[in-house]
Amino acid sequence: MAMSDVKNKLSEIQNFIQKMTKDRSYRKANKFMEWKNKYSFEIVKCAGELEVCRQSLSVIISDVARNIRLGNSEARDVSLQEMELENATIGYLSVDDAAFALQSVESYDAINSAFEMINMATKRLYGGSPKANQRTLFRHPERDDFKKQMEEDEVQASRVAIYREIKDDLITTGRIEDCMKKYRQNKKKQQEVRKVSGKTAEEYDAPESPAVPQTVSEDDVSERRAKIDMDKNMAFNSAPPEI
């Protein structure tokens, strides 16, 4: 599946989810499970198509990484290819998150989250810097936690941070699945170390402060010199006489 096909497929999935959400019952907590059971086939179908998109993006990422390696070997300018790699990678991560959300749909927020993740992926694949669509999201303003999470661009920023961390390895191997597995393993180890050490994430990531040499006051210097002179006198007075 080419990049254009992935974009079109994601748009189709997004429209399909939007049609399902026109059934207002999904907005009510006491009606949500009925809504989920009613559209269970459609939800599974969307999740499966997202998986196809994810795999296609994985192949695209591998091809772009290979082109970057070739360009680097020939001392070419690969800035366009690197931007394509970043967009494809962040699109991959967005699709992956959307598929996970649909596979574990238990609330209104999960549906909205999947919809918005696909929105972000689609716009990123077109080279844009997406933000939450206020017209299609947040239909329940009382859901402050979810609204705050999506409004603050933290989701997008976190994906950019992940890309920057795995970029070199990704270009070298071209295998996004392996890079993400390694990334998650490292993050899990860091969390375990922080848990044992009792440090917060900020304290753990903060660089250690360099040791500051202690300054010695003039009084301390004088006292040390006096002690040295005293030790010398005692050694001289206690020395045996020369024969």
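Residues numbered from 1 in each chain as written. Predicted model: local features only at pLDDT ≥ 70, side-chain atom pairs only at ≥ 80, totals over all residues. Heavy atoms only, no water.

Q: What am I meant to see in the confidence of the model for the chain here?
A: Low-pLDDT stretches of the model should not have their predicted coordinates read in fine detail. Per-residue pLDDT for the chain has a mean of 78; in total, 70% of the residues score no lower than 70. When pLDDT is averaged over each element of the chain, helix 3 (residues 40-73) comes out on top at 94 and helix 6 (residues 144-151) at the bottom at 48. Counted against residues more than four places away or in other chains, residues 209-216, with its pLDDT under 50, gives one contact. The low-confidence segment residues 238-243, where pLDDT is below 50, has zero contacts with residues more than four positions distant or belonging to other chains. (pLDDT = per-residue confidence, 0-100. Helix = DSSP H or I, 4+ residues; strand = E, 2+ residues; numbered from the N terminus. Contact = heavy atoms within 4.5 Å.)

Q: What should I look at first to understand helix 1 (residues 3-20) in this one?
A: Count 3.6 residues to each turn of an α-helix, and residues three or four apart come out pointing the same way. For helix 1, which comprises 18 residues, the first-to-last C-alpha distance of 26 Å matches the rise-based estimate of 26 Å (1.5 Å per residue) to within 8%. Considering only its buried residues, helix 1 is in contact with helix 2 (29-38), helix 3, helix 4 (79-103) and helix 5 (108-125). (Expected span 1.5 Å × (residues − 1).)

Q: I would appreciate a short explanation of the environment of Gln14 in the present structure.
A: When you line up the elements, Gln14 lands in helix 1. Taking the C-alpha atoms as reference points, Gln14 and Thr122, 108 residues apart in sequence, are found 9.4 Å from one another. Aside from chain neighbours lying at most four places away, what touches Gln14 is Phe115, Ile118, Asn119 and Thr122.

Q: How do you make sense of the pattern of salt bridges when you look at a structure like this?
A: Between side chains of opposite charge, a pair can form as their charged atoms come close. In this structure the tally under the stated criterion is 12 salt bridges. The residue Glu49 makes a salt bridge to Lys9 at a minimum N-O spacing of 3.9 Å. One end of the pair, Glu49, is in helix 3; the other, Lys9, is in helix 1, and 40 residues separate them in sequence. The class of Lys9 is partly exposed, set by a relative accessible area of 22%. Salt bridges linked by common partners bring Lys9, Glu12 and Glu49 together as one network. (Salt bridge = Lys/Arg side-chain N within 4 Å of Asp/Glu carboxyl O. Buried < 20%, exposed > 50% of the residue type's maximum accessible area, 1.4 Å probe, protein only.)

Q: It is not clear to me how the nonpolar core should be interpreted in this structure. Could you clarify?
A: Across soluble globular proteins, nonpolar side chains show a tendency to be buried alongside one another. Core analysis: the largest hydrophobic core is formed by 50 residues, its most contacted members being Leu10, Ile17, Leu50 and Leu102. Among the secondary structure elements, those contributing two or more residues to this core are helix 1, helix 2, helix 3, helix 4, helix 5, helix 7 (154-173) and helix 8 (176-197). For this core, the element with the most residues is helix 3, which contributes 10 residues. (Core = buried A, V, L, I, M, F, W, Y, C linked by side-chain atoms within 4.5 Å.)

Q: Mind showing me how you'd approach the environment of Gly48 here?
A: You can see Gly48 is positioned in helix 3. Along the chain, Gly48 and Leu102 lie 54 residues apart, while their C-alpha atoms are 9.6 Å from each other.

Q: How should the packing of aromatic side chains be read in this particular structure?
A: For any pair of aromatic rings, the description rests on two quantities: the centre-to-centre distance and the angle between the ring planes. One pass over the structure, following the stated rule, counts two aromatic pairs. Aromatic side chains Trp35 and Tyr39 sit 5.3 Å apart centroid to centroid with 40° between the ring planes, which places their arrangement in the tilted category. For Tyr39, a relative accessible area of 14% puts it in the buried group. In this structure, Lys45 is placed above the aromatic ring of Phe16, and the distance from its NZ or CZ to the ring centre is 5.9 Å. (Phe/Tyr/Trp six-rings, centres within 6.5 Å; stacked < 30°, edge-to-face > 60°. Lys NZ or Arg CZ within 6 Å of the ring centre and 35° of its normal.)

Q: What am I meant to see in the packing of helix 4 against helix 5 here?
A: Between two packed helices, both the angle of their axes relative to each other and the distance between the axes serve to describe the pair. In the contact formed by helix 4 and helix 5, the axes pass within 8 Å of each other and the chain directions differ by 165°. Our classification of the angle between helix 4 and helix 5 gives roughly antiparallel. Considering only the axes of helix 4 and helix 5, their crossing is left-handed. Across the interface between the two elements, Glu86, Asn87, Ala88, Ile90, Gly91, Ser94, Val95, Asp97, Ala98, Ala101 and Leu102 of helix 4 pack against Ala110, Ile111, Ala114, Met117, Ile118, Met120, Ala121, Arg124 and Leu125 of helix 5. (Axes fitted to C-alpha atoms, helices over the stretch in contact; angles between N-to-C directions. Parallel < 35°, antiparallel > 145°, perpendicular 65-115°, else oblique. Left-handed = near helix turned anticlockwise from the far one by under 90°.)

Q: It is not clear to me how the environment of Ala98 should be interpreted in this structure. Could you clarify?
A: Mapped onto the fold, Ala98 is located in helix 4. Take Ala98: its relative accessible area is 0%, and that puts it in the buried class. Sequence-wise, Ala98 and Glu51 are 47 residues apart; in three dimensions their C-alpha atoms are separated by 9.6 Å. Excluding residues that lie within four positions of it along the chain, Ala98 makes contacts with Leu50, Ala114, Met117 and Ile118.

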